[in-house]
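Listed here are the chains, written in short residue letters.
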Amino acid sequence: MKNLIAKNQSIFVAGHNGMVGSAIIRTLRKNGYGDKKLGGKILTQNRNELDLTNSSSVSDWFAENKPEIVIIAAAKVGGISANNNYPFEFISENLKIQQNIFGSALKNKTKRLLFLGSSCIYPKESKQPIKEEYLLSGYLEPTNEAYALAKIAGIKTCDALRKQYNFDAISLMPTNMYGPGDNYHLKNSHVFASLARKFVFAKKTNKNTVTCWGNGEPLREFLHVDDFGEACLHVLEKWDPNSKDAPKDDYGNKLTYLNVGSGQEISIKSLAKRISNAIEYNGEIKWDNSFPNGTFRKKLDSSRIKSIGWTPKIGLDEGISMVTMDISNSFDNPNKKLLKNLSF
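## A look at the nonpolar core
Counting residues in each nonpolar core, the largest one holds 38 residues, and the members touching the most others are Phe12, Leu52, Phe62, Ile101, Leu113 and Tyr122. Breaking this core down by element, the ones donating at least two residues are strand 1 (10–14), helix 2 (55–65), strand 3 (69–72), helix 4 (87–107), strand 4 (112–116), helix 5 (145–165) and strand 5 (169–174). If one sorts the elements of this core by residue count, helix 5 sits on top with 7 residues. Not counting residues up to four positions away in its chain, the partners in contact with Leu52 are Phe12, Ala14, Val58, Ala74, Lys96, Ile97, Asn100 and Ile101. Judged by nonpolar contacts, the second largest core, of 34 residues, contains Ile5, Ala23, Tyr33 and Leu255.

Set out below in structure tokens:
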């Protein structure tokens, strides 16, 4: 099958310094994209160079650089605490980023655009595993509603662009991710990074107990970010929603967004135990029920992206080993900023 993007094209990765953006950059370069000898470019801009929430700045940058492929990995992200405490920032900043890039990409004739969402777009009480067509079939989880609404708006904007302007915009909805570039902030990190940080710190400092948030009963599906980077490139190269062989929903309708998950789920309590076992931590694990659990379960049905040839390669135990080793190395090298927002 002929690739839908070419190695001599210019690719703008918005949010290249984030966990997902960094993984996408690694994947692109590994597969020969951005090679100047082939005429390719990978375009990136730091926040101090280009404020994606500023419409005029984004418009000017697109007019000057005219990227042929655009990947929107830029977003304001955080865990339950951050989403709960700063809902205005989560909805307003994400909407601004998305709409500025969409408008400028359309105006400057971008050829393909990939928008990245999140599994939190689906209803709190959704049937499991979650299929793409369950979007907007029920109420959202209140603790991350603002972020989810912004992402839903992004998906629907892609659909509107495709319908009105025949603009080639597609979307991916990843499950919970972890890996290089994750945020290890003590209060604002996601569950995988938070647990890994807590257990490595307890091991290194000989703490007798580790206290985790909630009751540990919710189930979560985890995907290594490098697997997701591969999924992003795969759909850019291979997925044309207009193709007769492209995935359809249960009603035979064309899909323009696909789920991306590992297919495996684990309780937070079991994840904590596996992390503690991986680093041979023998202390007591306590659970603080004063903190919210979030959605009880949100396993994605990823059969459709798998039907077009993508599959994850990094298992959970291998991923745990990689992450805890990185945190341990950061602990042993306190003068080097090896991981984002990691402090002990």
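Structure's up, so let's keep going.
## Looking at the sheet that holds strand 8 (residues 219–224)
One open sheet holds the 3 strands; their spatial order is 6-8-10, and the pairing between them is mixed. Both edges of this open sheet fall to strand 6 (176–178) and strand 10 (265–267), since each of them pairs with a single strand only. Pairs of neighbouring strands in the sheet enclose a mean axial angle of 50 degrees, with direction left out of account. Of the strands in this sheet, strand 6 and strand 8 touch helix 7 (residues 225–238), which is tilted by about 70 degrees from strand 8. Against the sheet, helix 8 (residues 268–278) contacts strand 8 and strand 10, and its axis sits at roughly 90 degrees relative to strand 10.

## Quick word on the sheet that holds strand 2 (residues 41–43)
The 6 strands are arranged 2-1-3-4-5-9 in an open sheet whose pairing can be described as parallel. In this open sheet, the two edge strands, each paired with only one partner strand, are strand 2 and strand 9 (257–260). Within this sheet the neighbouring strands show an average axis-to-axis angle of 20 degrees, counted without direction. Note: strand 5 against strand 9, 4 bridges, orientation parallel. Within the sheet, the bridge partner assigned to Pro174 lies in strand 9 and is Val260. Along the sheet face, helix 5 touches strand 4, strand 5 and strand 9 and points at about 155 degrees away from the line of strand 5.

## What to know about unusual backbone geometry
A negative phi holds for most residues other than glycine; trans holds for most peptide bonds. Here the amide bond leading from Gln128 into Pro129 is cis, since omega sits at -15 degrees, within 30 degrees of zero. Topologically, Pro129 is positioned in the loop between strand 4 and helix 5. Residues other than glycine seldom take positive phi values, yet Asn166 does so here, at roughly 55 degrees. Position of Asn166 relative to the elements: it lies in the loop between helix 5 and strand 5. For Asn166, a relative accessible area of 62% translates into the label exposed.

The rules behind these values
- By convention here, each chain's residues receive numbers from 1 onward along its written sequence.
- Totals for whole chains, interfaces and linings use every residue, but because this is a predicted model, local features are given only for residues with pLDDT of at least 70 and side-chain atom pairs only at 80 or more, for both listing and counting.
- With hydrogens and water stripped out, all remaining heavy atoms of the structure feed into the side-chain values.
- Put simply, a nonpolar core is a bunch of buried Ala, Val, Leu, Ile, Met, Phe, Trp, Tyr and Cys residues held in one set by side-chain atoms that sit within 4.5 Å of each other.
- We call a residue buried when its accessible area falls under 20% of the maximum for its residue type, exposed when it is over 50%, and partly exposed in between, using a 1.4 Å probe and counting protein chains only.
- Counting from the N terminus, the helices are the DSSP runs of H or I reaching at least four residues and the strands are the DSSP runs of E reaching at least two.
- Contact criterion: two residues are considered in contact whenever any of their non-hydrogen atoms come within 4.5 Å of each other.
- Whether two strands pair comes down to DSSP finding at least two bridges between them.
- In this analysis, axes come from line fits to C-alpha atoms, helices being fitted only over the stretch in contact, and the angle between any two N-to-C directions falls in the range 0 to 180 degrees.

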